[in-house]
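Okay, here's what each chain looks like letter by letter:
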Amino acid sequence: MATSTSTQPRDTWGSKLGFVMAAAGSAVGLGNIWKFPYTAGESGGGAFVAIYLVFVIFIGFSVMLTEFAIGRKTGLSAVGAFKSTDRRWTFTGVMGVVSGLLIMGFYPVVGGWALAYIFKVGGGLLSAPSAIGDSFGGFISDPIQPIMWMGIYLLMNVVIVMRGVSGGIEKAGKVLMPLLFVILIIVSVKGLSLPGASAGLKFLFTPDFSKVDSSVVLAALGQAFFSLSLGMGCMMTYGSYLKKKENLVQTTGMVTAMDTGVAILAGIAMFPAMFAFGMEPAAGPGLVFVVVPQLFAEMGGAIGILLALLFFIGLTVAALTSSVSLLEVVVSYLIDEKGMKRSTAVLSASAVMSVLCVFASLSLGGIGPTLFGTGAFDIFDLLTDKIFLAVGGMLVCIFAGWRLSKADLEKEITNNGEVPFPLFGLWYNLVKYIIPVAIAIVAIMGIKSGFDSGKGAIMLLGIGIIAIAGLFSKKF
Ligand code: PHE
């Protein structure tokens, strides 16, 4: 089962719910609960959220549907899907694999923090609420501890992905996603009950567009792609395991809605509490690790500790169901294209990832090499979130709109006319014309304004890497 190569029949998802939950499991992760709140906080709140929602609905939904359709039509993972149609496009899949590697160069570091916090909460973190902020700062800049946790976290990924698609990923997603949702609702209710909490809701939902510049727009676009697991062949790979009779449009709608719901819920869980505690909304990557424990400390007693434990268990599981999908992109490439055994593929991919993660983790303590004054953690994040995913999504749309036939796409999406999709024409025009142009504009403006904050050079480097990959496309 686990060793599906392109010549053997492909492993498929055990049930429809299983697929939706696994795809939602990939989408819902640190992107929603860790990254979305702090990016919204740093980007001024309401206006960022409004732009993000527009991107999710018009770009995210359409790109996800495109990825599912291409994946299922070809039955191949990212690289093979492009290669089998036109070798000049192979680089788009290869860039997806590179994105997977780079995201896995920092994601397990944060996954490790979540894992560590289960034990920190168990070890009495909540008993000194005023020290929670400093303890986080001290922890992530430590050269040894976070690397240890990252290692354990990465190992959990290795074990799950070794067992193959329907064995590991599906089961984990089905049981643990609903649990996380319930915990987030409890956290939100608690946060909203604090005095002064309403300022947080106002911050999150009242757009002030005067604060918006092109870097905020690019951040919202990147966040939409990152959170929905798009632009790197992940949903394409998942789609390749999808049965021919499933309804792609409905599945896309469900996954998009769940992902966005969890992100908004995470915002509601965090911002009211932050404002009530008088904390800065632009607190940065530590947000969830500082606000949530404080909130539970506020509750006091055994209930506070129990809920905090459940929260960090939920966060770790949400992170796991996402990172296994990232690892799977790299692994299925090595299996399908390089003919590796699943176990060899998993071990070699995770070995590279662990090295990248060590650099990423050390960079937070100011150790290790920098590029244009930026450390490894931020480089991997910038390259993928701001450039590779959005440009990857743009390329997927251009590929579908200009290289595949409209009739074939319609057949794939409507299951040969069996499921109606009245908006097909709208979707097709979005994918063929509007989305590529929109992404190009947002990326160009965003990179330009990135130069003001010293990040432009790295983003430009990202574009250069894609261009070079494009030139050598036929060699991959
Ligand atoms: N969507 C995941 C999250 O929000 C991250 C991810 C990005 C997973 C890209 C797969 C591909 O945490």
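For the structure itself, consult the block above.
Residues numbered from 1 in each chain as written. Predicted model: local features only at pLDDT ≥ 70, side-chain atom pairs only at ≥ 80, totals over all residues. Heavy atoms only, no water.

### Some thoughts on the overall build of the chain
Across its full length, the chain holds 20 helices and two strands. Against the 2.2 N^0.38 benchmark of 23 Å for 476 residues, the chain shows a C-alpha radius of gyration of 21 Å, consistent with a compact globule. Looking at the 476 residues of the chain, the share that counts as buried comes to 59%. Expressed as a percentage of contacts within the chain between residues at least 6 apart in sequence, the contacts between residues at least 24 apart total 83%. For the chain, the accessible surface area stands at approximately 17100 Å², while carbon and sulfur atoms represent 69% of it. (Helix = DSSP H or I, 4+ residues; strand = E, 2+ residues; numbered from the N terminus. Rg over C-alpha atoms; globule rule 2.2 N^0.38 Å. Buried < 20%, exposed > 50% of the residue type's maximum accessible area, 1.4 Å probe, protein only. Contact = heavy atoms within 4.5 Å. Areas by Shrake-Rupley, 256 points an atom, 1.4 Å probe, with all protein chains shown as cover.)

### Overview of the pattern of salt bridges
By the definition in use, this model includes eleven salt bridges. A salt bridge links Arg-403 to Asp-86; the shortest N-O distance between them is 2.7 Å. Taken together, the residues Arg-403 in helix α17 (residues 376–403) and Asp-86 in the loop between α4 (78–83) and α5 (90–103) connect sequence positions 317 residues apart. For Arg-403, a relative accessible area of 34% gives the class partly exposed. (Salt bridge = Lys/Arg side-chain N within 4 Å of Asp/Glu carboxyl O.)

### Considering the nonpolar core
Judged by nonpolar contacts, the single largest core of 168 residues is most densely connected at Ile-33, Trp-34, Phe-289 and Phe-311. Apart from the residues within four sequence positions on either side, Ile-33 is in contact with Leu-180, Leu-184, Val-262, Ala-266, Met-270, Val-288, Phe-311 and Leu-315. (Core = buried A, V, L, I, M, F, W, Y, C linked by side-chain atoms within 4.5 Å.)

### Examining the layout of surface pockets
Computed from the structure, the largest pocket encloses a volume of approximately 660 Å³. In terms of lining residues, the largest pocket is bounded by 26 residues, among which Tyr-38, Glu-42, Asp-381, Lys-386 and Lys-455 are the most central. The element contributing the most residues to the lining of the largest pocket is α17, with five residues. Taken as a whole, the second largest pocket holds about 190 Å³ of empty space. Val-391, Met-394, Ile-439, Ala-440, Ala-443, Ile-444, Ile-447, Lys-448, Phe-451, Leu-460, Ile-463 and Ile-466 together form the lining of the second largest pocket. In terms of residue count, the dominant contributor to the lining of the second largest pocket is helix α19 (residues 424–450) (six residues). (1 Å grid on protein atoms, 1.4 Å probe; cavity = no way out; pocket = protein on both sides within 12 Å on 5 of 7 lines; lining within 4 Å. Points joined across faces, edges and corners; volume = space filled by probe spheres on them.)

### Considering the environment of Gly-393
Among the structural elements, Gly-393 can be located in helix α17. Residue class for Gly-393 comes out buried when judged on its relative accessible area of 0%. Considered as a pair, Gly-393 and Val-63 are 330 residues apart in the sequence and their alpha carbons are 6.6 Å apart. With residues near it in sequence (within four places) discarded, Gly-393 still touches Val-63, Phe-225, Gly-231 and Ile-439.

### Details of the environment of Thr-85
With respect to the secondary-structure elements, Thr-85 resides in the loop between α4 and α5. On a C-alpha basis, the gap between Thr-85 and Thr-74 in space is 8.7 Å, while along the polypeptide they are eleven residues apart. If sequence neighbours within four positions are ignored, Thr-85 has contacts with Phe-399, Arg-403 and Leu-404. Of note is the side chain of Thr-85, whose polar atom sits 3.1 Å from the backbone oxygen of Ala-81. (Polar contact = N/O pair within 3.5 Å; in protein donor to acceptor, adjacent residues only side chain to side chain.)

### Some remarks on the packing of helix α3 (residues 46–74) against α19
The geometry of α3 relative to α19 is characterised by a closest axis approach of 10 Å and an angle of 120° between their N-to-C directions. Comparing their axes, α19 and α3 come out oblique. Crossing geometry of α3 relative to α19 is assigned as left-handed. When α3 is examined against α19, the residues Phe-55, Phe-58, Ile-59, Ser-62, Val-63, Leu-65 and Thr-66 are found in contact with a partner set consisting of Trp-427, Leu-430, Val-431, Ile-435, Ile-439 and Val-442. A breakdown of the residues in the contact of α3 with α19 according to their chemical character gives eleven nonpolar, two polar and no charged. (Axes fitted to C-alpha atoms, helices over the stretch in contact; angles between N-to-C directions. Parallel < 35°, antiparallel > 145°, perpendicular 65-115°, else oblique. Left-handed = near helix turned anticlockwise from the far one by under 90°. Nonpolar A, V, L, I, M, F, W, Y, C, P; charged D, E, K, R; others polar.)

### Here's the deal with the packing of aromatic side chains
Applying the stated criterion across every chain yields a total of 29 aromatic pairs. Over the ring of Phe-226 we find Lys-35; its NZ or CZ atom is 5.2 Å from the centre of that ring. (Phe/Tyr/Trp six-rings, centres within 6.5 Å; stacked < 30°, edge-to-face > 60°. Lys NZ or Arg CZ within 6 Å of the ring centre and 35° of its normal.)

### Quick look at the site of the ligand
As a matter of local geometry, the ligand sits amid 15 residues, with Ala-27, Gly-31, Tyr-107, Phe-226 and Ser-229 nearest to it. Here Ser-229 contributes a side-chain N or O atom positioned 2.9 Å from a nitrogen atom of the ligand. Protein contact buries 100% of the 320 Å² of open area that the ligand shows by itself. A majority-of-atoms criterion places the ligand in the largest cavity. Counting only elements with at least two residues in the shell around the ligand, the list comes to α1 (16–27), α2 (30–42), α11 (214–227) and α15 (301–338). Residue composition of the shell around the ligand, by class: seven nonpolar, eight polar and no charged. (Near = heavy atom within 4 Å. Sits in = over half its atoms within 2 Å of the grid points.)

### Points about a nonpolar patch on the surface
Residues Leu-53, Val-54, Ile-57 and Phe-58 make up a contiguous nonpolar surface patch of about 350 Å² in total accessible area. With respect to the element layout, Phe-58 can be found in helix α3. You can call Phe-58 partly exposed: its relative accessible area is 46%. (Patch = residues over 30% accessible without salt bridge, like charges linked within 9 Å, V, L, I, M, F, W, Y side chains within 5 Å.)

### A word on α19
The end-to-end C-alpha distance of α19, which contains 27 residues, comes to 36 Å, matching closely the 39 Å that a straight helix rising 1.5 Å per residue would cover. The sharpest bend along α19 reaches about 45° and sits at Leu-430. (Expected span 1.5 Å × (residues − 1). Bend = angle between axes of the 7 residues up to and from the residue.)

### Side note on the side chain of Ser-473
Along the chain, the position of Ser-473 falls in the segment after α20 (456–471). For Ser-473, a relative accessible area of 2% gives the class buried. Among the polar contacts made by the side chain of Ser-473, one reaches the main-chain carbonyl oxygen of Arg-87 at a distance of 3.1 Å.

Any functional reading would require information that these geometric values do not contain.
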